[in-house]
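# Observations on the model geometry
Single-letter residue listing:
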Amino acid sequence: MTTSPAPERTSTRSTSAVEVSELVKRYPKRPVNAVDSISFSVTPGEIFGLLGPNGAGKTTTVGILTTRVKLTGGRAAVGGIDVAADPVNARRKLAVVPQRPNPDRAITIKQNLLFHASYFGIPAAERERRADALLEEFGLGDRGDDKIDFFSGGQAQRLMIARALMHDPEVLFLDEPTTGLDPQARLFVWDRIRELRARGVTILLSTQNMDEAEVLADRVGIMDHGKILALDTPGALTASLPGSSTLEVAAAGAPDPDALVEALSGLPGVERAERVESAPAGPPGGMPGGPFGGGGPGGPSGGPPKPAADGELRVRLYLTGEPARLVSPVAELLATHTASLTDVHIAEPSLEDVFITLTGRGLR
């Protein structure tokens, strides 16, 4: 597939593509602010992930930035344009791809693109050029005369991104862009998002998919109860989480499981220990295996931890040190409690661990 060159930009970019300062939104008759004095900025060409559970305030924040929601206090700007003072020009700087595709079903997909560009005053010849180029770029070059009813979910989402790009926005807002897509469609969308960043488009990604944020975002802001709880690169956030590396062990033959768990929690480098009922699938990056990894001298090998057998004790150790260094002390401790090590699973912290630590496990 040949990627079409980006249209030349005529506007001058500001220092910050998105800037939010002491932003507040209070809805009538609500006891607390939906957005409670938050501040952050996004640099041009950055992918910024805005994460949060339901009701965290991220949808309201994006609504303000895209001029659909009026702010109560503070300031929000996109492409250097104050969204409250000049919403018309702010909308020329931005585009939104909603979670659910909403094209006009009565016209063809190319007509959808052309109509969108005409709304922004793009000349007819330029509209045609951009529509053809974007349809080709998003793998829809031979589908311009079709209607959306004949599209799969992945094709519809690709159409929505292409439509959003027709007026050459500086900032693209993506709301859960790959929800419900199959793996191939998701990877295609991820690749196009990376290409847009390489071309200088700023992307604000609102998602609850932690893997998506960890893979795509240069920085993420985790939001809850209307406030920004953490803001940094995914790597820095996971590195800052104490006790988040885990070593999950299974033991057979322990005569006193409670005493063994207590003893494991007292090992140097172990922050706490807890019994688990069954083996989880484990986050990406986990390194499971049999006793001592089952992978020979090289250490743990692939695959999820084995399901717990009858009478087997499974314990998760939350660590402050290097997980691999704890395997030998754990095996020695089990031996003193007349138990044998039957399975080991090492997992590094993920962005999801940070998210759960900050926002809790409760359903919203």
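Residues numbered from 1 in each chain as written. Predicted model: local features only at pLDDT ≥ 70, side-chain atom pairs only at ≥ 80, totals over all residues. Heavy atoms only, no water.

## Description of the overall build of the protein chain
Regarding its fold elements, the protein chain presents 11 helices and 15 strands. Looking at the protein chain residue by residue over its 364 residues, the buried ones come to 48%. Pairs at least 24 apart in sequence give 74% of the contacts found in the protein chain among residues at least 6 apart. (Helix = DSSP H or I, 4+ residues; strand = E, 2+ residues; numbered from the N terminus. Buried < 20%, exposed > 50% of the residue type's maximum accessible area, 1.4 Å probe, protein only. Contact = heavy atoms within 4.5 Å.)

## With respect to the packing of aromatic side chains
Evaluated as defined, the whole model comprises two aromatic pairs. Both rings, one in Phe40 and one in Phe48, keep their centres 5.1 Å apart while their planes meet at 5 degrees; by these two values the pair is stacked. With respect to burial, Phe40 and Phe48 carry one shared label: buried. Taking the centre distance of 5.2 Å and the plane angle of 85 degrees together, the rings of Tyr119 and Phe120 count as edge-to-face. The class of Tyr119 is exposed, set by a relative accessible area of 61%. Its end group placed over the ring of Trp190, Arg186 keeps NZ or CZ at 5.6 Å from the ring centre. Looking at Arg272, its charged tip hangs above the ring of Tyr318, at a distance of 3.8 Å from the centre. (Phe/Tyr/Trp six-rings, centres within 6.5 Å; stacked < 30°, edge-to-face > 60°. Lys NZ or Arg CZ within 6 Å of the ring centre and 35° of its normal.)

## Observations regarding unusual backbone geometry
The backbone phi angle of Lys29 is positive, close to 65 degrees, even though this residue is not glycine. Looking at the secondary structure, you find Lys29 in the loop between β1 (18-25) and β2 (35-42). Located in the positive-phi region is His225, a residue other than glycine, with phi close to 50 degrees. With respect to the helices and strands, the residue His225 is situated in the loop between β9 (219-224) and β10 (227-232). Among the residues examined, His225 registers a relative accessible area of 59% and is labelled exposed.

## A closer look at the pattern of salt bridges
Two side chains with opposite charge may pair up if their charged atoms get near one another. Taken as a whole and assessed by the stated rule, the structure comprises 21 salt bridges. Of the charged contacts in the structure, one is a salt bridge between Arg143 and Asp146, with a shortest N-O distance of 2.3 Å. Residue classification places Arg143 among the buried residues on the basis of a relative accessible area of 17%. The residue Arg316 makes a salt bridge to Glu274 at a minimum N-O spacing of 3.4 Å. In this pair, Arg316 is assigned in strand β14 (residues 313-319) and Glu274 in strand β12 (residues 270-275), connecting sequence segments 42 residues apart. Among the residues examined, Glu274 registers a relative accessible area of 26% and is labelled partly exposed. The network of salt bridges with common partners includes Glu248, Arg272, Glu274, Glu312, Arg314, Arg316 and Asp343. (Salt bridge = Lys/Arg side-chain N within 4 Å of Asp/Glu carboxyl O.)

## Some words on the sheet that holds strand β3 (residues 47-51)
Read from one edge to the other, the open sheet built from six strands follows the order β6-β7-β8-β3-β9-β10, with strand pairing classed as mixed. Looking at the sheet topology across the chains shown, the edges are occupied by β6 (94-97) and β10. Put simply, the sheet's adjacent strands are angled 20 degrees from each other on average, direction ignored. Docked against the sheet, helix α11 (residues 351-359) engages β3, β9 and β10, running at close to 25 degrees with respect to β9. (Pairing = 2+ DSSP bridges. Axes fitted to C-alpha atoms, helices over the stretch in contact; angles between N-to-C directions.)

## Here we look at the nonpolar core
What tends to happen in soluble globular proteins is that the nonpolar side chains get buried as a cluster. Ranked by internal contacts, the top residues of the largest apolar core, which has 49 residues, are Leu51, Leu113, Ile161, Leu172 and Ile203. If we ignore the near neighbours within four places in the chain, the residues touching Ile203 are Glu46, Ile47, Phe48, Leu172, Leu174, Ile193, Leu196 and Arg197. Ranked by size, the runner-up nonpolar core spans 24 residues in total, among them Ala251, Leu260, Val261 and Leu264. (Core = buried A, V, L, I, M, F, W, Y, C linked by side-chain atoms within 4.5 Å.)

## Notes on the side chain of Thr178
Position of Thr178 relative to the elements: it lies in the loop between β7 (171-175) and α6 (183-198). Reaching out from Thr178, the side chain makes a polar contact with the side chain of Glu212 at a distance of 2.3 Å. Beyond its immediate chain neighbours, meaning those up to four positions away, Thr178 contacts Gln157, Arg186, Val189, Trp190 and Glu212. (Polar contact = N/O pair within 3.5 Å; in protein donor to acceptor, adjacent residues only side chain to side chain.)

## What about helix α1 (residues 58-65)?
Counting buried positions over the eight residues of α1 gives seven, a clear majority of the element. In the stretch just after α1, Thr67 is the one whose phi turns positive, near 70 degrees.

## What to know about the sheet that holds strand β5 (residues 81-82)
Taken together, the four strands give an open sheet; going across it, the order is β2-β1-β4-β5, and neighbouring strands pair in antiparallel fashion. Every interior strand has two partners, whereas the edge strands, β2 and β5, have only one. Pairing of β1 with strand β4 (residues 73-78) involves five bridges; the strand directions are antiparallel. Within β4, the residue paired with Val18 across the bridge is Val78. Across the sheet, α1 lies against β1, β2 and β4, angled at about 120 degrees from β1, the strand it touches most.

## Quick look at the confidence of the model for the protein chain
Chain-level pLDDT for the protein chain is 86 on average; 85% of the residues reach the 70-or-more range. Below a pLDDT of 50 lies the segment residues 1-13, which in the model reaches 29 contacts outside its immediate sequence neighbourhood of four places, other chains included. Note on residues 279-304: pLDDT is under 50 here. Beyond four places in sequence and across chains, it has 52 contacts. (pLDDT = per-residue confidence, 0-100.)

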